[in-house]
Amino acid sequence: MAMLIVLMLLPGALVAALRDQHALAHQQSPFWCRKCCTAKCDSQTEEVKGDLGQVKFQDCQVTKNKPLEVLGETMCEETCQTPYFGKSKPIKVLRTSAHGPQQCFLRFFPWYQGICEDDCCAAKCSGQSYSLKSEWKGQWQFQNCTVRKEPEEVQGYGTFCVEDCTVLHSKEPQKAKVIRRSGPAAPQCELYHRDLPLQELATDFVEQLEKTALTLTHENYEDLELMRPDKVKSFLKKVKNEVLQPELNQQNYSQEINATQNAVIIGDLHGQLFNLISFLILIKEKYQDKGFTTLDGSALLFCDPGIQYVFLGDYVDRGERGVELLLLLLAYKARCPQGMVLLQGNHETNKMWKKYGFAKELKYKFHDGLSTGRFEEVVELLPYVAVSRGRFMALHGGLSPELESACTGKDGRFSECLAKDIGQTTVWPDPHTGEGYIKSQRGRKIQKFGMDLAEAFLKSNNLKVMFRGHEQVKAGYEMKTKGKYVVTTVFSAADYVGMFCIDGQQPPWDKKMFSTPGQGNYGAMVLVDRETGEAELEKLSPRRSRALASKFTGASCEWDFGLLQESQPESPASKGTLESFIEENHKHIKHLTRGSSDSCSLEKVETESLKEEARQILRNSEDREFEARKLIDLQGEALIHGENLEICKAIQKDKITLEVYNELDGTDEKILETDIETREDDMEADGVQ
């Protein structure tokens, strides 16, 4: 009692001090503290599963004297320091409570108190190397790497550990982002694709696309590694900045064809990758004895001063493999810039892509992860004209008044006279056998050019031949002559709007467009001897083109569209006649002309003129159905240029085509209706209600 009175009279702080001292004395006595009295984990280590490896415990102190029951076992808890990312981190440690040697390990409730056990705990890429496939031979060495604590999601690839390293190679050392898969296995470190050189990306694309792309179906497009939005974006940006923009700055919108031996002219491909592969196979076989060097990493392409490939544009739309085809051509261009001449066509614009399928293909294959704008800013840098001085010129469409005015008498030096606005006028015109400029079925603002104009223009530039694409032709090529001057149309998409390797199903992104078989036409290319100027035609049937591509890639096809159309099951979209289809679409015409004082009907004189023109075209054709389809297709392109009234009149012109077709043929056979059906979708997409 006396002691209690004394304590009550003492100040509070002194009371607390005496109480703590009394408690400490009891804790240090064997009777009071039997198990968790002193820290025993100093300098002990624990091996963890992940990047940290061996964790060392330092400066440990007992957290609680009272033992803990953990999973049915008595444990002591200590607080220790451990090295962690160059610093010291406090952690909770448990140790067994028993006599003799005692085991210490990280406390797992809660999980390691923020200690990284599995992913991205420590840098592991220092001293590793990465071998490039491209022309930069040798290995890139990674040094002085530091790890980012959190793993990163690399779009489309998965989760990676990321390290920032100094990269040593043949050039100056540089800082770069390095990715590796996390976990205890030996590290696999590689440059993040944004830091990969263009040549490496392009090599990767060539190797994957040549052999693999055609084997994929709509069920497994993502199995192709390069079909990742981030990687494609990086590739497109590098092609634009490192290849196409410098070339445009140097040569304007014209490119010289200066191969010492041969030039190859390839026309419209429209997303049909099997056509491209089959033509490249034929070229390889044709010139195998000339000693041309094959591009490293490619099984198909020559990259040699002796040969140039000239493509006339229209790489995408209306085909199943537009993405893969365009990426492969750009990869070839990146790897062999001088050997590849890629020209712009009328389907190298966002506006066309939204109407004719490429936009839908991108959306489906990349799940909205890649916009058409990424591609448009690349292809808009492509030239419009290629010239072999003293021999020939190549472009997509043909002669326009603007090109004629600016570039007549330039001796083929079109880089001095071409501008973007002039080039854009060249992608739409078609030739005709008469004289002067006449109206085109392609739209109100487009004109056909006469062979007299072509002759004068070629002569003024010391050229003999104009190679152009743009126009679907049954045989894959067509020649118009005026004296010794020639305009040759080259169309390379055999079985236009055909499909390949689709598991017997329509490409799901645009079922209306692919609702009928392909058009059964041949595809063609022209092989030009640069020394003599002689041109050799090579054409492929759809059957042979598919067979060549299938043998090379190992791809297989369950349906063979366009070869035996009469044996194909009738698809719902092709039921009925063109006549009934037009009637259905005319329900929308009143919406087109709403609020307009103009009449949608054609004048009598214009109607008779159109009928006579259709008669001449169809009467002289060996395949009237093919030519009727073609007329409908051309009139559909008025949608791109015309206003609402022009759209309406285009449908009226389709009725005239049907009338003349039935008049000449004496029957009401089915004609490809896809373009007209697409027209209704175009009106809705353009907000025409």
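Residues numbered from 1 in each chain as written. Predicted model: local features only at pLDDT ≥ 70, side-chain atom pairs only at ≥ 80, totals over all residues. Heavy atoms only, no water.

- By the naming in an unreviewed UniProt entry, the protein goes by Serine/threonine-protein phosphatase PP1-2 and is assigned to Cladocopium goreaui.

## Re the nonpolar core
- The biggest cluster of nonpolar side chains holds 124 residues, and the ones touching the most others in it are Phe235 and Ile283.
- Among the elements that line this core, the one with the most residues is helix α6 (residues 322-335), at 10 residues.
- Here Phe235 is in contact with Leu198, Leu201, Ala202, Phe205, Leu327, Leu330 and Ala331, once residues within four sequence places are set aside.
- One finds Phe392, Ala394, Phe467 and Val490 within the second-largest nonpolar core, a separate group that totals 16 residues. (Core = buried A, V, L, I, M, F, W, Y, C linked by side-chain atoms within 4.5 Å. Buried < 20%, exposed > 50% of the residue type's maximum accessible area, 1.4 Å probe, protein only. Helix = DSSP H or I, 4+ residues; strand = E, 2+ residues; numbered from the N terminus. Contact = heavy atoms within 4.5 Å.)

## Quick notes on the layout of surface pockets
- The calculated volume of the largest pocket comes to roughly 930 Å³.
- Looking at the largest pocket, it is lined by 26 residues, and the ones nearest its centre are Glu478, Lys480, Gln616, Ile617 and Glu627.
- It is helix α17 (residues 624-636) that contributes the most residues to the lining of the largest pocket, 4 residues altogether.
- Residues of the lining of the largest pocket, tallied by class, amount to 8 nonpolar, 7 polar and 11 charged. (1 Å grid on protein atoms, 1.4 Å probe; cavity = no way out; pocket = protein on both sides within 12 Å on 5 of 7 lines; lining within 4 Å. Points joined across faces, edges and corners; volume = space filled by probe spheres on them. Nonpolar A, V, L, I, M, F, W, Y, C, P; charged D, E, K, R; others polar.)

## Thoughts on the pattern of salt bridges
- Under the defined criterion, the tally for this structure stands at 25 salt bridges.
- The salt bridge partner of Arg148 is Asp164, with a shortest N-O separation of 2.8 Å. With Arg148 in the loop between β9 (139-147) and β10 (152-154) and Asp164 in strand β11 (residues 158-168), the pair connects residues that are 16 residues apart, well separated along the chain.
- Residue Arg148 is classed as partly exposed on the basis of its relative accessible area, which comes to 30%.
- Take Asp164: its relative accessible area is 25%, and that puts it in the partly exposed class.
- The residue Arg615 makes a salt bridge to Glu612 at a minimum N-O spacing of 3.5 Å. Here Arg615 and its partner Glu612 are both found in helix α16 (residues 604-619), 3 residues apart, which amounts to about one turn of the helix.
- When its relative accessible area of 16% is taken as the criterion, Arg615 is described as buried.
- The class for Glu612 is partly exposed, based on a relative accessible area of 35%. (Salt bridge = Lys/Arg side-chain N within 4 Å of Asp/Glu carboxyl O.)

## Observations concerning the sheet that holds strand β16 (residues 307-311)
- Taking strand neighbours across the sheet as the criterion, the 5 strands line up as β17-β16-β15-β26-β27 in an open arrangement whose pairing is mixed. Edge strands, defined here as strands with exactly one partner in the open sheet, are β17 (340-342) and β27 (535-540). Strand-to-strand twist in this sheet, taken as the mean axis angle between neighbours without regard to direction, amounts to 20°.
- Sheet analysis places strand β15 (residues 262-266) next to strand β26 (residues 523-529), joined by 5 bridges and oriented antiparallel. Considered in β26, the bridge of Ala263 is made with Val528.
- The strands that helix α5 (residues 273-286) touches are β15, β16, β26 and β27; relative to β26, the one it contacts most, it runs at about 30°. (Pairing = 2+ DSSP bridges. Axes fitted to C-alpha atoms, helices over the stretch in contact; angles between N-to-C directions.)

## Some words on a positive patch on the surface
- On the surface, Arg391, Lys459, Lys464 and Lys484 cluster together into a patch of positive charge.
- As for its position among the elements, Arg391 is in the loop between β18 (385-388) and β19 (392-395).
- By relative accessible area, which is 31% here, Arg391 ends up partly exposed. (Patch = residues over 30% accessible without salt bridge, like charges linked within 9 Å, V, L, I, M, F, W, Y side chains within 5 Å. Areas by Shrake-Rupley, 256 points an atom, 1.4 Å probe, with all protein chains shown as cover. Lys, Arg positive; Asp, Glu negative; His and termini not counted. Charge placed at Lys NZ, Arg CZ, Asp CG, Glu CD.)

## Points about helix α4 (residues 229-251)
- The end-to-end C-alpha separation of α4 is 31 Å, in line with the 33 Å expected for 23 residues at 1.5 Å each.
- At Lys240, α4 is deflected by roughly 40°, the largest bend along its length.
- Note on α4: the residue one or two positions beyond its end, Asn252, has a positive phi of about 65°. (Expected span 1.5 Å × (residues − 1). Bend = angle between axes of the 7 residues up to and from the residue.)

## A look at the packing of aromatic side chains
- Enumeration over the complete set of coordinates arrives at 10 aromatic pairs.
- Consider the rings of Tyr364 and Trp509, whose centres lie 5.5 Å apart with planes at 45°: the pair is tilted. Of this pair, Tyr364 sits in helix α8 (residues 358-366) while Trp509 sits in the loop between β25 (485-490) and β26; the two residues are 145 residues apart in sequence, bridging distant segments of the chain.
- Take Tyr364: its relative accessible area is 29%, and that puts it in the partly exposed class. (Phe/Tyr/Trp six-rings, centres within 6.5 Å; stacked < 30°, edge-to-face > 60°.)

## A closer look at the packing of α4 against α6
- Two elements in contact, α4 and α6, have axes separated by 10 Å at closest approach and are oriented at 50°. Taken together, the axis directions place α4 and α6 in an arrangement best described as oblique. Crossing geometry of α4 relative to α6 is assigned as left-handed. Of the residues in α6, those touching α4 at Val232, Phe235, Leu236, Val239, Val243, Leu244 and Glu247 are Leu327, Leu330, Ala331, Lys333 and Ala334.
- A class-by-class count of the residues in the contact of α4 with α6 yields 10 nonpolar, no polar and 2 charged. (Parallel < 35°, antiparallel > 145°, perpendicular 65-115°, else oblique. Left-handed = near helix turned anticlockwise from the far one by under 90°.)

## Remarks on the pairing of strand β6 (residues 87-96)
- In the sheet, strand β5 (residues 73-84) pairs with β6 via 10 bridges, with the strands oriented antiparallel. In the sheet register, Met75 faces β6, and the bridge partner there is Thr96.
- Relative to strand β7 (residues 104-106), β6 is paired through 3 bridges, and the arrangement is antiparallel. Looking at β7, one finds that Leu94 is bridged to Phe105.

## Regarding the confidence of the model for the protein
- Looking at the protein as a whole, its pLDDT mean stands at 80, while 76% of the residues score no less than 70.
- Within the model, pLDDT remains below 50 along residues 1-16, and this stretch shows 4 contacts once partners closer than five positions in the same chain are excluded.
- Counting interchain partners and residues more than four positions distant, the pLDDT-below-50 stretch residues 560-578 has 41 contacts. (pLDDT = per-residue confidence, 0-100.)

## A short note on the pairing of β27
- Here 6 bridges tie β26 to β27, and the two strands are oriented antiparallel to one another. By the bridge assignment, Met525 is partnered in β27 with Glu538.
- Connecting the antiparallel pair β26 and β27 is a turn made up of 5 residues, with Gly533 showing a positive phi of about 85°.

## Let's talk about the state of the cysteines
- The tally for this structure, following the rule as stated, stands at 7 disulfides.
- Shown here is the disulfide that connects Cys407 with Cys417, its sulfur atoms set 2.0 Å apart. Disulfide Cys407-Cys417: the torsion about the S-S bond is 110°, which places it as right-handed. A residue pair is termed long-range when its members are at least 10 positions apart, and Cys407 in helix α10 (residues 401-407) and Cys417 in the loop between α10 and α11 (420-424) qualify at 10 residues. Each member of the pair, Cys407 as well as Cys417, is classed as buried. (Disulfide = S-S within 2.5 Å.)

## A short note on the sheet that holds strand β22 (residues 443-450)
- In spatial order, the strands read β20-β22-β21; together these 3 strands make up an open sheet with mixed pairing. The sheet is open, and its two borders are formed by β20 (431-432) and β21 (437-440), each paired with just one other strand.
- Both β21 and β22 contribute to a ladder of 4 bridges, which runs antiparallel. Following the sheet pairing, Ile438 is matched in β22 by Lys448.
- Most of the contacts of helix α12 (residues 451-460) go to β22, to which it runs at about 65°, and overall it touches β20, β21 and β22.

## Some remarks on unusual backbone geometry
- Non-glycine residue Ser43 carries a positive phi angle of around 70°.
- Judged by its relative accessible area of 55%, Ser43 is exposed.

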